[in-house]
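The lines below spell out each chain.
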Amino acid sequence: MQPQIVLLKEGTDTSQGKPQLVSNINACQSIVDAVRTTLGPRGMDKLIVDSQGKATISNDGATIMKLLEIVHPAAKTLVDIAKSQDAEVGDGTTSVVLLAGEFLKQVKPFVEEGVHPRVIIKAIRKALQLCMEKINEMAVQIEKQSKEEQRALLEKCAATAMSSKLIHQQKDFFSKIVVDAVLSLDELLPLNMIGIKKVTGGSLEESQLISGVAFKKTFAYAGFEMAPKSYDKCKIALLNIELELKAERDNAEIRVDNVKEYQKVVDAEWQILYNKLAKIHESGANVVLSKLPIGDVATQYFADRDIFCAGRVPEEDLKRTMKACGGAVMTTANDINASVLGLCEHFEERQVGGERFNLFQGCPNAKTSTLILRGGAEQFLEETERSLHDAIMIVRRTIKHDSVVAGGGAIEMELSKLLRDYSRTIAGKEQLLIAAIAKGLEVIPRQLCDNAGFDATNILNKLRQKHAQGGQWFGVDITKEDISDNFEQCVWEPSIIKINALTAAAEAACMVLSVDETIKSPKAGEPPMAGGGPMGMGRGMGRPM
Ligand code: ADP
Ligand code: MG
């Protein structure tokens with residue numbers, strides 16, 4: 001008998017070779033099936049309840065993937081590409097997962113038949129390169145000449161991004177708001193200068209855009225009622241100072257032996273507070289915002305002097321106010337003077353639904369705006385926020401790279417045609433592989449049809465025919481159960497979404513294909529694996545799942 005060679009720790013889980021590859025592809029497939037139905041204007045939403053019982057309703061691929069808590073190592077790559085798509089362009093997160101999954105599905109028969117993964121990877125890379133060239137060639141540049149034209153274009157892109165979301169009924173309303181919000185920013189289009197605040201209650205149409213900073217009224221002590229609630233041309237002091245008489249936090253001990261001494265201590269404390277307040281008053285500020293609490297004494301002091309004050313302002317709001325209105329956040333009251341105060345044209349406290357809001361408008365420095373969202377349930381508002389985030393990202397992207405392509409599967413069909421034509425000109429394995437990828441690209445229009453309940457085979461046939469005849473912008477028409485020129489229909493998407501989605505999907509597919517062995521060490525303290533770790537990958541496992 002030959003001695004057994006022990007290479008890896010007892011309980012280490014390994015599986016390798018072709019079966020491992022196929023099993024990874026299958027794992028990816030099951031992830032894709034989870035998000036498949038959310039694609040497109042007729043896509044469904046997912047309700048995900050996490051281990052703490054928190055429910056989230058979403059149509060956004062990245063959000064769903066994040067919440068799924070996937071443990072399979074290969075399938076995690078799909079989560080990562082969805083996340084990266086979300087971070088890079090903000091939209092197209094479902095598409096990217098679908099494309100990667102479909103590429104893998106299409107090449108799976110080749111893997112099973114023993115084509116070397118490297119050959120497949122090479123073909124995918126080649127196909128990707130051809131697609132990139134084609135997209136760049138086809139993308140329609142939008143001239144920035146007239147402001148109105150640019151606005152119209154941006155509104156269309158925003159509307160397309162929102163047409164697949166819960167708020168698609170209100171997309172015209174929101175696309176205006178989103179474009180206004182983004183255009184109000186400065187050149188760099190910093191995302192964090194658009195604040196989004198949610199107030200439950202009311203209808204979606206009551207949502208509004210405030211040009212300037214707005215935040216919910218903070219907790220206030222008695223006395224605030226007397227302070228004025230609106231100013232013109234106001235000076236704002238931004239503080240990180242506690243204006244409160246407080247019980248000693250550390251265990252300081254003061255020994256006094258008579259009442260007079262004690263009175264002195266108390267007086268000193270009050271004196272310190274009054275000194276701070278006087279400094280702030282002298283600086284000429286008429287609005288005081290502080291990150292830390294402002295107590296009752298301070299509140300009354302300010303109210304007596306016609307100064308508005310708000311304590312415990314969230315840090316991000318304070319920072320946004322600082323960027324918008326100028327000034328500096330002070331940590332001591334000693335050097336407060338007119339030069340560190342922020343300025344704004346108009347300040348008011350206003351009722352929005354059941355909440356009171358502090359609004360700062362006409363800020364001289366940075367350009368910023370705040371969206372106040374209204375709507376029914378909280379989950380609904382959260383999904384609205386995510387959808388608007390997608391739309392805002394799209395508008396920003398379109399301003400930066402002003403070229404668009406037609407959506408609704410049009411661009412994918414055209415690329416598919418390109419690859420199919422190309423595959424006919426070459427010989428060997430690569431021909432079949434490129435043709436398989438061409439087929440993979442059709443997943444987007446097919447899924448759009450499936451989700452809308454259309455006959456996908458029929459529509460895809462029509463589309464292939466149209467594209468063969470040169471109708472390069474023909475895609476699925478969601479309203480008429482037919483095909484249409486989606487460029488004329490104004491289903492526009494920035495070309496950067498497609499470029500990024502295709503690149504990420506191809507990369508992910510290549511990555512999954514290039515892994516042929518998974519080695520998993522046993523967790524410390526755990527008994528050696530018997531019959532399968534996560535998703536059934538036990539020792540020697542490697543059968544397709
Ligand atoms: P993603 O997370 O990938 O953005 P969506 O659910 O937003 O997924 O769906 C996007 C897809 O829906 C894109 O392929 C887009 O072209 C398509 N689409 C959006 N609006 C329309 C429309 N009005 N008609 C046809 N297709 C549309
Ligand atoms: Mg989308």
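About the criteria used
Residues numbered from 1 in each chain as written. Chains lettered and ligands numbered in written order. Predicted model: local features only at pLDDT ≥ 70, side-chain atom pairs only at ≥ 80, totals over all residues. Heavy atoms only, no water. Axes fitted to C-alpha atoms, helices over the stretch in contact; angles between N-to-C directions. Helix = DSSP H or I, 4+ residues; strand = E, 2+ residues; numbered from the N terminus. Left-handed = near helix turned anticlockwise from the far one by under 90°. Contact = heavy atoms within 4.5 Å. Nonpolar A, V, L, I, M, F, W, Y, C, P; charged D, E, K, R; others polar. Pairing = 2+ DSSP bridges. Expected span 1.5 Å × (residues − 1). Buried < 20%, exposed > 50% of the residue type's maximum accessible area, 1.4 Å probe, protein only. Near = heavy atom within 4 Å. Polar contact = N/O pair within 3.5 Å; in protein donor to acceptor, adjacent residues only side chain to side chain. Areas by Shrake-Rupley, 256 points an atom, 1.4 Å probe, with all protein chains shown as cover. Domains from an automatic or database assignment. Core = buried A, V, L, I, M, F, W, Y, C linked by side-chain atoms within 4.5 Å. Patch = residues over 30% accessible without salt bridge, like charges linked within 9 Å, V, L, I, M, F, W, Y side chains within 5 Å. Salt bridge = Lys/Arg side-chain N within 4 Å of Asp/Glu carboxyl O. Phe/Tyr/Trp six-rings, centres within 6.5 Å; stacked < 30°, edge-to-face > 60°. Lys NZ or Arg CZ within 6 Å of the ring centre and 35° of its normal.

Asker: Can you help me understand the packing of helix α4 (residues 93-112) against helix α14 (residues 443-452) in this one?
Answerer: Their axes nearest at 10 Å, the elements α4 and α14 cross at an angle of 115°. Once α4 is placed against α14, the crossing between them reads as right-handed. For the pair α4 and α14, the contacting residues are Ser95, Leu98, Leu99 and Glu102 in the first and Val443, Ile444, Arg446 and Gln447 in the second. Across the contact of α4 with α14, the residue classes break down as four nonpolar, two polar and two charged.

Asker: What exactly am I supposed to notice about the pairing of strand β2 (residues 46-49) here?
Answerer: Two faces, one strand: in a regular strand the side chains alternate between the faces of the sheet. The sheet contact formed by β2 and strand β3 (residues 55-58) spans four bridges and is antiparallel. In the sheet register, Val49 faces β3, and the bridge partner there is Ala55. With antiparallel pairing between neighbouring strands as the criterion, β2 and β3 make up a hairpin whose turn holds five residues, including Gly53 at a positive phi of roughly 85°.

Asker: What am I meant to see in helix α12 (residues 410-424) here?
Answerer: Note: α-helices contain 3.6 residues per turn, so residues at a spacing of three or four share the same orientation. Over its 15 residues, α12 runs 22 Å from end to end, which matches the ideal 21 Å to within 8%, given 1.5 Å per residue. Residues Ala410, Ile411, Glu412, Met413, Glu414, Leu415, Ser416, Leu419 and Ser423 constitute the buried set of α12.

Asker: In this structure, what is going on with helix α9 (residues 296-304)? I would like to understand it.
Answerer: Along α9, the residues classified as buried are Val297, Ala298, Thr299, Tyr301, Phe302 and Ala303. Buried residues belonging to α9 abut α8 (259-282), β8 (287-290) and β9 (308-310). Looking at the residues trailing α9, positive phi occurs at Asp306, about 60°.

Asker: Help me understand the sheet that holds strand β4 (residues 140-141) in this model?
Answerer: Backbone-to-backbone hydrogen bonds join strands into a sheet, with any given pair of strands oriented parallel or antiparallel. Strand order in this open sheet of three strands is β4-β14-β17, and the pairing throughout is antiparallel. The open sheet has two edge strands, β4 and β17 (492-494), and neither has a second partner. Taken together, the three bridges between strand β14 (residues 403-406) and β17 define a ladder with antiparallel strand orientation. When the sheet's bridge partners are listed, Ala406 is paired in β17 with Trp492.

Asker: Could you clarify how one ought to interpret the site of ligand 1 in this entry?
Answerer: By nearness alone, 22 residues border ligand 1, and Asp91, Ser95, Ser163, Ser164 and Gly408 come closest of all. Thr38 places a polar main-chain atom, nitrogen or oxygen, 3.3 Å from an oxygen atom of ligand 1. Take Glu493: an N or O atom from its side chain is 2.8 Å from an oxygen atom of ligand 1. When isolated, ligand 1 has an accessible area of 570 Å², and the protein chains bury 94% of it. Looking at the shell around ligand 1, the elements that each hand over two or more residues are α4 and α14. With three residues, the single largest contributor to the shell around ligand 1 is α4. Taken together, the residues that form the shell around ligand 1 break down as seven nonpolar, twelve polar and three charged. Shared between two domains, the shell around ligand 1 holds at least three residues of each, these being domain 1 (13-141 + 406-514) and domain 2 (143-251 + 260-401).

Asker: Explain the nonpolar core here, please?
Answerer: As a rule of thumb, soluble globular proteins bury nonpolar side chains together. Grouped together as the largest cluster of nonpolar side chains are 78 residues, with contacts concentrated most on Leu78, Ile120, Leu419, Leu502 and Leu513. Per-element accounting of this core gives the leading share, twelve residues, to helix α16 (residues 495-514). No fewer than three residues from each of domain 1 (13-141 + 406-514) and domain 2 (143-251 + 260-401) sit in this core. Setting aside its immediate chain neighbours within four residues, Ile120 contacts Val107, Phe110, Val111, Val115, Leu433 and Leu513. Grouped together as the second largest cluster of nonpolar side chains are 24 residues, Ile167, Val179, Leu185 and Leu189 included.

Asker: What is the right way to look at a nonpolar patch on the surface in this model?
Answerer: Among the surface-exposed residues, Ile254, Val256, Tyr262 and Val265 lie close enough to one another that they form a single nonpolar patch of about 360 Å² accessible area. Within the secondary structure layout, Val265 lies in helix α8. On the basis of relative accessibility, which here comes to 32%, the residue Val265 falls in the partly exposed class.

Asker: Before we go on, may I ask you to explain the pattern of salt bridges in this structure?
Answerer: A side chain of one charge can pair with a side chain of the opposite charge if their charged atoms are brought near each other. In this structure the tally under the stated criterion is 28 salt bridges. Arg151 is the partner of Asp180 in a salt bridge, and the nearest nitrogen-oxygen pair spans 2.9 Å. Of the two residues, Asp180 is situated in helix α7 (residues 171-183) and Arg151 in helix α6 (residues 147-162); the sequence distance between them amounts to 29 residues. Across the pair Lys264 and Glu261 runs a salt bridge whose closest N-O atoms are separated by 3.9 Å. Separated by three residues within a single helix, Lys264 and Glu261 lie in helix α8, roughly one turn from each other. A residue is classified by how much of its surface remains accessible, and Lys264, at 58% relative accessible area, is exposed. Connected through shared salt-bridge partners, Glu414, Lys417, Asp421 and Arg424 make up one network.

Asker: How should I be thinking about the packing of aromatic side chains in this particular structure?
Answerer: In this description, an aromatic ring pair is defined by two values, namely the gap between the centres and the angle between the planes. The tally for this structure, following the rule as stated, stands at ten aromatic pairs. For the ring pair Tyr231 and Phe347, a centre distance of 6.4 Å and an interplane angle of 35° mean the geometry is tilted. In this pair, Tyr231 sits in strand β7 (residues 230-239) while Phe347 sits in strand β11 (residues 342-352), placing the two residues 116 residues apart along the sequence. Here Tyr231 and Phe347 have matching classes, each one buried. Linked through ring pairs, Phe215, Tyr231, Phe308, Phe347 and Phe360 together constitute an aromatic cluster. The ring of Phe474 is capped by Lys466, whose NZ or CZ atom sits 5.1 Å from the centre of that ring.

Asker: For this particular structure, what's the right way to read the pairing of β7?
Answerer: The pairing of β7 with β11 spans six bridges and is classified as antiparallel. Bridging across to β11, Ile236 finds its partner in Gly342. For β7 and β8, the ladder comprises four bridges, and the chain directions are parallel. Paired with Leu239 across the two strands is Ser290, which belongs to β8. Taken together, the two bridges between β7 and strand β10 (residues 329-330) define a ladder with parallel strand orientation. When the sheet's bridge partners are listed, Leu238 is paired in β10 with Val329.

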